[in-house]
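Secondary and tertiary structure notes
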Amino acid sequence: MKLSRSKYNKIDAISKLTGLILLAVSIDNVAKGNYYIALFFFGLGGIIGILPIFIKFET
C-alpha cells in the first residue's frame, strides 16, 4: 500500500497511540490477574504498533 507522506504520518501516530493504549489495558489486566487477556492485548498492541513498517509512502 502506498500513501502520501502526511497520511503515513497520521497512520503512524494513530498506530503508536493505539499500541500504547492496548499496552496500558494489558498492564491493567495483569494487575487484576487476567493473564491470558493481558497477553492477548499485549500481542495485539505489538502487531498494531509495527503495522506502519509494511506501508510505503510516496516521496
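Our structure is the block above this text.
**Focus: the packing of aromatic side chains**
A full pass over the atoms with the stated rule returns one aromatic pair. Seen in terms of ring centroids, Phe40 and Phe41 are 5.6 Å apart; in terms of plane orientation they differ by 55 degrees. Their pairing is tilted. Judged by relative accessible area, which is 51%, Phe40 ranks as exposed. Here Phe41 falls in the partly exposed class, since its relative accessible area comes to 22%.

**Digging into a nonpolar patch on the surface**
Together, Leu20, Leu23, Ile27 and Phe42 make up a nonpolar patch on the protein surface, roughly 400 Å² of accessible area in all. Per element, the largest residue contribution to the nonpolar patch is three residues, and it comes from helix H1 (residues 5-32). Along the polypeptide, Phe42 turns up in helix H2 (residues 35-50).

Cut-off values and rules
Residues numbered from 1 in each chain as written. Predicted model: local features only at pLDDT ≥ 70, side-chain atom pairs only at ≥ 80, totals over all residues. Heavy atoms only, no water. Phe/Tyr/Trp six-rings, centres within 6.5 Å; stacked < 30°, edge-to-face > 60°. Buried < 20%, exposed > 50% of the residue type's maximum accessible area, 1.4 Å probe, protein only. Patch = residues over 30% accessible without salt bridge, like charges linked within 9 Å, V, L, I, M, F, W, Y side chains within 5 Å. Areas by Shrake-Rupley, 256 points an atom, 1.4 Å probe, with all protein chains shown as cover. Salt bridge = Lys/Arg side-chain N within 4 Å of Asp/Glu carboxyl O. Helix = DSSP H or I, 4+ residues; strand = E, 2+ residues; numbered from the N terminus.

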